[in-house]
Amino acid sequence: MEYFKAFIGGFVATLVCHQGVYTLFYMAGAALPAPPFNMAATAPLGIPAVISLAFWGGIWGLPIWWMLRNAHGVGYGLRALILGAVLPSAVALFIVFPIKGMAFAAGWNPQVIIGALILNGAWGLGVALFMCLANRPAGAPAGT
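Residues numbered from 1 in each chain as written. Predicted model: local features only at pLDDT ≥ 70, side-chain atom pairs only at ≥ 80, totals over all residues. Heavy atoms only, no water.

Details of the overall build of the protein chain
Turning to step 1, where the next piece is worked out: In terms of regular secondary structure, the protein chain is built from four helices and two strands.
Turning to step 2, where the next piece is worked out: Secondary structure of the protein chain in N-to-C order comes out as α-β-β-α-α-α.
Turning to step 3, where the next piece is worked out: Relative to its length of 144 residues, the protein chain is compact, with a C-alpha radius of gyration of 16 Å against a globular reference of 15 Å.
Turning to step 4, where the next piece is worked out: Seen through its C-alpha atoms, the protein chain measures out along the principal axes to roughly 45 × 30 × 30 Å.
Turning to step 5, where the next piece is worked out: With 144 residues in all, the protein chain has 32% of them scored as buried. (Helix = DSSP H or I, 4+ residues; strand = E, 2+ residues; numbered from the N terminus. Rg over C-alpha atoms; globule rule 2.2 N^0.38 Å. Buried < 20%, exposed > 50% of the residue type's maximum accessible area, 1.4 Å probe, protein only.)

Digging into the side chain of H18
Turning to step 1, where the next piece is worked out: Relative to the elements of secondary structure, H18 occurs in helix α1 (residues 2–27).
Turning to step 2, where the next piece is worked out: Those residues in contact with H18 that sit more than four places away from it in its chain are A13, L53, L119, N120 and W123. (Contact = heavy atoms within 4.5 Å.)

Overview of the environment of Q111
Turning to step 1, where the next piece is worked out: Summarising the element assignment, Q111 is placed in helix α4 (residues 110–135).
Turning to step 2, where the next piece is worked out: The exposure class assigned to Q111 is exposed, which follows from its relative accessible area of 67%.
Turning to step 3, where the next piece is worked out: Remark: the alpha-carbon pair of Q111 and A30, spanning 81 residues in sequence, is separated by 9.5 Å.

This is the structure we're talking about:
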C-alpha cells in the first residue's frame, strides 16, 4: 500500500508541483517546447502528454519514496529536493532526450538543464509532501 501511495504521490506531484512551476515559467515568458498541461496526444497510445508525464512521475515516485522513507526533519525535505531534481533530470537529459532524437544533455544548454532541475526538484518536494499527508495517522492534525 505504501508504494501505491508513492505512485499516486508522484502522479499528483507532477500535475500540481511540476506543472505548477512549469506554468509559472510559461507565464514569465520562458521559451518552452510546449504549453503547461499539454493535452497533445503522445505516441503510440494517443494519451495526452501531461497524463503520460504524470504516469512517469508516478513511476519515479517509487524509487524516490524508497530513498526518502527513512529521512526525517530538514533532511527529509532536502533529500526530496535533491533526489527529485537530480535523478529524473539526469535520466531525461542523458537517456530520454537522445532516444527521442534530441541533443544529448540538451546540447548542454544551461537554461534547459537548470529548468529541469527546478521543475523536478519541485516535483520531488511534492512527492515528499504528499507522502507526509498520506502517511500521517488518521485523525492527526496536519503537520504531525
